[in-house]
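In case you want the letters, here they are:
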Amino acid sequence: FKSVLDASNQQLVARAYELACADREEHPTGGCFLVAANAAHARELVDMLDGLHIGGPDFVAGLQGVDGANDDPEVGIVVGTIKRCVGYNLDRLGAMVTGVYPSNIAARYQIGGRLRRVTQEHTHLLFETHVPRGTVLELLHKRQSSSDSRAESLMTVMKDFAADHGGELPPADADDDD
């Protein structure tokens, strides 16, 4: 299992670097948000990025919320965790790369919301989920995606129903015709 994680981490880091470089071509202070499973994983990813000798005149990697990494234009790859998904903006970044981590739909939506801001500087955002094929992570991702699709469908039905009924949803006990 460790070899799967190591290979996955290498692919996450490589893709985040590639997207950050591409984003910097259009937006000099742009970059990529790399999502980690937890704080230890985030530090591991930053160490891997530092090992690639990312830095110099282009950009550096930094941990979300540490030493002003969120707002520092020198930080081209901001690494944060899926658990810390609220309370900050990354509107200068144009891409997000994440792995498949145990989480709920709210956390997955919120983490993407760090880039989806009214103040977003980019007209197009790129969101990618790295899924190692043939692993338990692929099964987890399929389950999460299915759950997310059902939740989005239910929300659409509820919004349509409310729009058709003057903005009102039926009371919880609407089936009782006593």
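Description of the structure in this document.

**Side note on the side chain of Asp23**
Now for step 1: Note on placement: Asp23 falls in helix 1 (residues 2–26).
Now for step 2: There is no salt bridge for the buried Asp23, and the closest opposite charge comes from Arg24, which lies 6.3 Å off by N-O distance.
Now for step 3: Polar contacts involving the side chain of Asp23 include one to the main-chain amide nitrogen of Gly94, which spans 3.2 Å.
Now for step 4: If near-sequence neighbours (up to four positions away) are discounted, Asp23 is found in contact with Gly30, Gly31, Arg92, Leu93, Gly94 and His122.

**Things to note about the environment of Ile82**
Now for step 1: Among the secondary structure elements, Ile82 is positioned in the loop between strand 3 (75–81) and strand 4 (95–98).
Now for step 2: Each C-alpha atom of the pair Ile82 and Gly112 lies 9.8 Å from the other, and the pair is 30 residues apart in sequence.
Now for step 3: The contact partners of Ile82, leaving out residues within four places of it in the chain, are Val35, Ala36, Ala37, Tyr101, Ser103, Ala107, Arg108 and Ile111.

Criteria and thresholds
Residues numbered from 1 in each chain as written. Predicted model: local features only at pLDDT ≥ 70, side-chain atom pairs only at ≥ 80, totals over all residues. Heavy atoms only, no water. Helix = DSSP H or I, 4+ residues; strand = E, 2+ residues; numbered from the N terminus. Buried < 20%, exposed > 50% of the residue type's maximum accessible area, 1.4 Å probe, protein only. Lys, Arg positive; Asp, Glu negative; His and termini not counted. Salt bridge = Lys/Arg side-chain N within 4 Å of Asp/Glu carboxyl O. Polar contact = N/O pair within 3.5 Å; in protein donor to acceptor, adjacent residues only side chain to side chain. Contact = heavy atoms within 4.5 Å.

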